[in-house]
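Tertiary structure, described
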Amino acid sequence: MSEISEKLVSSIRASVKSVFGIEPAENMVMVERPRDPKMGDYSTNIAMRLARTLHKAPRDIANELVPALKESIQEAESVEVAGAGFINFRISESALSDVINVVLKAGDDYGKNEDGKHEKVLVEFVSANPTGDLHCGHARGAAWGDALCRLLSEAGYDVTREYYVNDAGHQIDMLAESILSRYFELFGKEYPLPENGYHAQDIVEVAKKIREKDGDKWLNADQEERLEYFKDEGIEMKLDAIRKDLDLFRVHFDSWMHERFFYQNNSERINKVLAELTAKGLTYEKDDALWFRSTQFGDDKDRVLKKNTGLLTYLTPDIANHVYKFERGYDTLINLWGADHHSYVKRMKCALEALGYDPDRMIVDLIQMVRMVSNGQEVKMSKRTGNAITIRELCEEVGVDAARWFFVSKELGTQMDFDMDLAKSKTNDNPVYYAQYAYTRMFNILHREDAPAFKAEEKYSLLTDPKELAILKEISEFPKAVADAAKHRAPNRICQYCTNLAKDFHSFYNSCRVVDNENPQLTNQRMGLVNAAMITMKNALDLIGVSAPEKM
């Protein structure tokens, strides 16, 4: 929260206690910016919230609180009751302008807060199978997941970013067979390409790299040995390509957890999960398969853990994976999964509850579909390859900044149309261009050759224009915006914050002359305002992984 918001909240709590002799509940006191600036700078609905407890009309409660609030809040020019019982505060101009020195002192750290109280959070996102390139659907989860991690870190959480590599099971067998088929083809020999294998050009490129490294070594090798080798090589090469694309997209992971880890090196973890569920009477055999009684925990049907072939379902090692997450000491697990995982969320929560873990400590946000649109028409395939548009192609087409902004700006749970033409445009209709252009203007004002040197002042009492005050209010709310966006796992709110700050600044820029040679003190104070706005905008853009360009 901003210093002003914090002061208002603490004063409201103290006033309620002194006037009515009760201590408000932890989340009862709320302070917000009114939509209509004429109503004041801040507002609280505490009187409405206390009405049932005090058995009084909200306006009566508000009127009783106002004298105590006026006495305790020195920063307020006025404290007034409005409507059904809202209490509106108008903050003095000098108190608002104090935020300039707060921002200048904090610099890159402005916006940081300790709301997270160093809670250990593991965020799993992207986690695409290493069988092909990352496409635009993955890009939405990558941009959102990375922005969420940046937000959580800024808000005082201890965050680990994890990519769960699905490198076991049938799809990996098909990957190895597909590469092997292309490898044989390079030597003019035949090896059947599985009908449900992988046919894209990138599989051919993997086969070429194996030929360059090993020659014809694998043409007459033992089938089991070469399939295992082609699995390893294929997974590693595809993961290397995925890492490079994510690097381009400014997305980095702290941990890469492999599904094979639970099979090859830690099968005891899977066995332990199965043994615990069995010991609790939560498994049974039917049709030669092993089932989990997930319906006892609210699932719509029981789930298979081990097929009648003896192979494990995908669910089983993933249960072991989530148990291992808790064993590593994480307080909260956040998973970003595709919308097709809706029913899978329930069965995973059932499994964790069955094993004695609080299922509410696992939070899943589902990623809805993305439609790529150009000229009003959906674009499904790449013009270059004929396949789905990859992250790399999208970044080359519209730029990393625009791609990240557009994916983060829409709520994750809603389907979105990605307007490629708008993303490429250099107009104020393009929201990322609009925000970045505001930053560029701020930077150029401060760094032009004839710009006077700025000197920090104790007070900025000359900043009284409504457009200056609008920027000061927006800047002062940035720490609260960060805390709220982190709390609600909503990085799209930071995009909206950037838009609001840009709007206020463009309005100020078009109305107020920053450098006024006839009034050097006003010039200096406005330079301070621009400096604080520039720092805030850069910090906000960084939270969503978008650059702050000095030139455009």
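Read on for an overview of the structure. No experiment lies behind these values; they were computed from the predicted model shown.

A separate point is the overall build of the protein. Within the protein, the regular secondary structure consists of 21 helices and 14 strands. With the C-alpha coordinates of the protein rotated into their principal frame, the extents come out at 85 × 60 × 40 Å. A burial count over the protein gives 53% of its 552 residues as buried. Considering only residue pairs separated by 6 or more positions, the protein has 72% of its internal contacts joining residues 24 or more positions apart. On the protein, roughly 26000 Å² of surface is accessible, and the fraction owed to carbon and sulfur atoms is 46%. Here the protein holds 72 positive side-chain charges and 89 negative ones, and the gap between their average locations is 2 Å.

The phi angle at His-118 is positive, at roughly 60°, despite the residue not being glycine. Along the polypeptide, His-118 turns up in the loop between α5 (99-106) and β4 (120-124). Even without being a glycine, Ser-127 presents a positive backbone phi close to 45°. Inspection of the secondary structure puts Ser-127 in the loop between β4 and α6 (136-154). For Ser-127, a relative accessible area of 14% gives the class buried.

A few words now on the packing of aromatic side chains. Following the criterion strictly, the structure yields 27 aromatic pairs and no others. Look at Phe-406 and Phe-418: their rings are 5.2 Å apart centre to centre, the planes differ by 40°, and that puts the pair in the tilted class. A residue pair is termed long-range when its members are at least 10 positions apart, and Phe-406 in helix α15 (residues 400-409) and Phe-418 in strand β14 (residues 416-419) qualify at 12 residues. In this pair, the class of Phe-406 matches that of Phe-418, namely buried. The interplanar angle of 40° and the centroid separation of 5.1 Å between the aromatic rings of Phe-478 and Tyr-497 together place this pair among those described as tilted. Note that Phe-478 is positioned in helix α19 (residues 478-487) and Tyr-497 in helix α20 (residues 492-511), a separation of 19 residues in sequence. A relative accessible area of 0% places Phe-478 in the buried class. Since its relative accessible area comes to 5%, Tyr-497 is described here as buried. Its guanidinium or amino end placed over the ring of Phe-249, Arg-404 lies 5.8 Å from that ring's centre, counting from NZ or CZ.

Judged by how many residues are buried, strand β11 (residues 362-367) sits mostly within the fold: 5 of 6 residues are covered. Sheet analysis places strand β10 (residues 332-338) next to β11, joined by 6 bridges and oriented parallel. Within β11, the position partnered with Trp-337 by the bridge is Leu-366. Crossover handedness for the path β10 to helix α13 (residues 342-354) to β11: right-handed.

Our focus in this paragraph is the sheet that holds β4. Here we have 5 strands laid out as an open sheet, ordered β6-β5-β4-β10-β11, and parallel in their pairing. The open sheet has two free edges, formed respectively by β6 (255-258) and β11, since each of these has just one partner strand. The mean angle between the axes of side-by-side strands here comes to 25°, regardless of whether they run parallel or antiparallel. Against the sheet, α6 contacts β4, β5 (158-165), β10 and β11, and its axis sits at roughly 155° relative to β5. Its contacts with the sheet place helix α12 (residues 315-327) against β4, β5, β6, β10 and β11, and it is angled at close to 145° to β10.

Here we take up the sheet that holds strand β12 (residues 370-374). Pairing is mixed across the open sheet formed by 3 strands, whose spatial order is β13-β12-β14. Bordering the open sheet on either side are β13 (377-378) and β14, each of which pairs with just one other strand. When β12 meets β14, the two strands line up parallel, connected through 4 bridges. In the sheet register, Val-370 faces β14, and the bridge partner there is Met-416.

Attention now moves to the packing of helix α18 (residues 466-476) against helix α21 (residues 520-543). Packing of α18 against α21 brings their axes to within 10 Å, and their N-to-C directions diverge by 35°. Pair α18 / α21 crosses with left-handed handedness. Touching Glu-468, Ile-471, Leu-472 and Ile-475 of α18 are Leu-522, Arg-526, Leu-529, Ala-532, Ala-533 and Thr-536, all from α21. In terms of residue class, the contact of α18 with α21 is made up of 7 nonpolar, 1 polar and 2 charged.

This brings us to the environment of Asn-444. Topologically, Asn-444 is positioned in helix α17 (residues 431-447). In this structure Asn-444 comes out as partly exposed when scored by relative accessible area, which is 37%. Taking the C-alpha atoms as reference points, Asn-444 and Lys-551, separated by 107 residues in sequence, lie 8.1 Å from one another.

Quick notes on the rules
- Residues numbered from 1 in each chain as written.
- Predicted model: local features only at pLDDT ≥ 70, side-chain atom pairs only at ≥ 80, totals over all residues.
- Heavy atoms only, no water.
- Helix = DSSP H or I, 4+ residues; strand = E, 2+ residues; numbered from the N terminus.
- Buried < 20%, exposed > 50% of the residue type's maximum accessible area, 1.4 Å probe, protein only.
- Contact = heavy atoms within 4.5 Å.
- Areas by Shrake-Rupley, 256 points an atom, 1.4 Å probe, with all protein chains shown as cover.
- Lys, Arg positive; Asp, Glu negative; His and termini not counted.
- Charge placed at Lys NZ, Arg CZ, Asp CG, Glu CD.
- Phe/Tyr/Trp six-rings, centres within 6.5 Å; stacked < 30°, edge-to-face > 60°.
- Lys NZ or Arg CZ within 6 Å of the ring centre and 35° of its normal.
- Pairing = 2+ DSSP bridges.
- Right-handed = clockwise from strand over helix to strand, strands pointing away.
- Axes fitted to C-alpha atoms, helices over the stretch in contact; angles between N-to-C directions.
- Left-handed = near helix turned anticlockwise from the far one by under 90°.
- Nonpolar A, V, L, I, M, F, W, Y, C, P; charged D, E, K, R; others polar.

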